Amino acid sequence: MSPEKEHENEPGKEEAEECTVGERVMSLRVKTVLKILLSSVAGPLILYGMFLTHQRYQTRATQPSEVNVGEDRLRFWVYARRNDTGYLKHVRAVLSRLGFRESDNEPGWDLLWAHDYPFHKLSASLHRLQQHQRVNHFPGCGYVTNKVDLSISAGRYIPAAFRMPDDRERFLRYADANPTKKFVQKLNDHRGIRLVDSRNASLTDGIFVQEFVERPYLVDGYKFDIGLYIVVTSVDPLRLYVYKGDVLFRFCPIAYHPFDAEVVTLMAVVMQIKKCVNCNLSIFIYPILQ
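Note that the structure is a prediction, hence the values are computed from the model and not measured.

## Quick notes on the packing of aromatic side chains
Thinking step 1. Following the criterion strictly, the structure yields 11 aromatic pairs and no others.
Thinking step 2. Aromatic side chains Phe 171 and Phe 183 sit 5.1 Å apart centroid to centroid with 70° between the ring planes, which places their arrangement in the edge-to-face category. Taken as a pair, Phe 171 in helix H6 (residues 168–177) and Phe 183 in strand S6 (residues 182–187) lie far apart in primary sequence, 12 residues in all. A single burial state applies to Phe 171 and to Phe 183, both of which are buried.
Thinking step 3. Three or more aromatic residues link up through ring pairs in this structure, and these residues are Phe 162, Phe 171, Tyr 174 and Phe 183.

What follows is the structure, encoded as structure tokens:
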């Protein structure tokens, strides 16, 4: 090819190269615009759709399903000292929403909700449970959940405790060895609480006596305790669930110091109940003695 023809073709090549570069630039601009649109419009739409799906799933999971109101509904019965006073109405309401119907201790029941420890008086009924029957207590759990039984278990971090009249001699020996100790005295049902020393402690039947902790841990000078909601579903292997939606903090309404035994005795009642809305904590004003 002659030099003249090659020179004539060079402008065409330059135009083609310019078109190619322009197309690439345009393609990059289009891609950039599409990315911006996806990130600013499509992304939030996708997240919103995922949020709606999650909300619908939670709503379906929490809504009680329709139950059969016939005779084939699951049956529960309640064991308590005051079964007719209504203080277990929330238990009955929840079980009713779950499809249970209340019955007596009749054959074939499915759930026993015992407010009091059931394995003494109901041992005949609970000796051989059927596979479908459930009880809201484990045998032996009373030794942990009952304050008196737990206190006299001689645990490592539990102050010395004595149940009268069975522990009378042991208490007298402990008092002789610790003459300056003070004791919390009350009935086994946690009534009639008093602060006493070894000389005027009652040794009669039905009395519970425990060593008084004179240097307790305080929060801003006030005595307190903490309560957690825990459900134990298995003992062997041990399996339990802790409810993290609420915690109980109970504080004494007066400062611990200066210590006054008479004031302590007078304040040994529940004074007031308050609800802390902001932090979702139930705060109980509670006595110094426990």
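## A closer look at the pairing of strand S3 (residues 111–114)
Thinking step 1. The pairing of strand S1 (residues 75–79) with S3 spans four bridges and is parallel. Paired with Trp 77 across the two strands is Leu 112, which belongs to S3.
Thinking step 2. Strand direction decides the pairing type here: S3 and strand S4 (residues 134–135), joined by two bridges, are parallel. From the neighbouring strand, Leu 111 faces S4, where its bridge partner is Arg 134.

## Brief notes about the layout of surface pockets
Thinking step 1. By volume, the second largest pocket amounts to about 530 Å³.
Thinking step 2. Around the second largest pocket, the lining is made up of 15 residues, and of these Gly 227, Leu 228, Tyr 229, Ile 230 and Leu 248 lie nearest the centre.
Thinking step 3. Those elements that place two or more of their residues in the lining of the second largest pocket are helix H4 (142–145), strand S9 (224–235) and strand S10 (238–251).
Thinking step 4. By residue number, the principal contributor to the lining of the second largest pocket is S9, which donates seven residues.

## As for unusual backbone geometry
Thinking step 1. With omega at 5°, the peptide bond leading from Met 164 into Pro 165 counts as cis.
Thinking step 2. Looking at where Pro 165 falls in the secondary structure, it is placed in the loop between strand S5 (161–163) and H6.
Thinking step 3. In this structure, the amide linkage connecting His 257 to the following residue, Pro 258, adopts the cis form with an omega of 0°.
Thinking step 4. For Pro 258, the position within the fold is in the loop between S10 and helix H7 (261–266).
Thinking step 5. Positive phi, close to 55°, is recorded for Asp 220, a residue that is not glycine.
Thinking step 6. Mapping Asp 220 onto the fold places it in the loop between strand S8 (207–211) and S9.
Thinking step 7. Under the relative-accessibility criterion, Asp 220 is labelled exposed at 75%.

## Overview of the pattern of salt bridges
Thinking step 1. Using the criterion set out here, one finds eight salt bridges in the structure.
Thinking step 2. Measuring nitrogen to oxygen at the nearest pair gives 3.4 Å for the salt bridge that ties Asp 167 to Arg 170.
Thinking step 3. The class for Asp 167 is buried, based on a relative accessible area of 16%.
Thinking step 4. Using a relative accessible area of 35% as the deciding quantity, one classes Arg 170 as partly exposed.

Cut-offs applied
- Residues numbered from 1 in each chain as written.
- Predicted model: local features only at pLDDT ≥ 70, side-chain atom pairs only at ≥ 80, totals over all residues.
- Heavy atoms only, no water.
- Phe/Tyr/Trp six-rings, centres within 6.5 Å; stacked < 30°, edge-to-face > 60°.
- Helix = DSSP H or I, 4+ residues; strand = E, 2+ residues; numbered from the N terminus.
- Buried < 20%, exposed > 50% of the residue type's maximum accessible area, 1.4 Å probe, protein only.
- Pairing = 2+ DSSP bridges.
- 1 Å grid on protein atoms, 1.4 Å probe; cavity = no way out; pocket = protein on both sides within 12 Å on 5 of 7 lines; lining within 4 Å.
- Points joined across faces, edges and corners; volume = space filled by probe spheres on them.
- Salt bridge = Lys/Arg side-chain N within 4 Å of Asp/Glu carboxyl O.

Any functional reading would require information beyond the geometric quantities listed.
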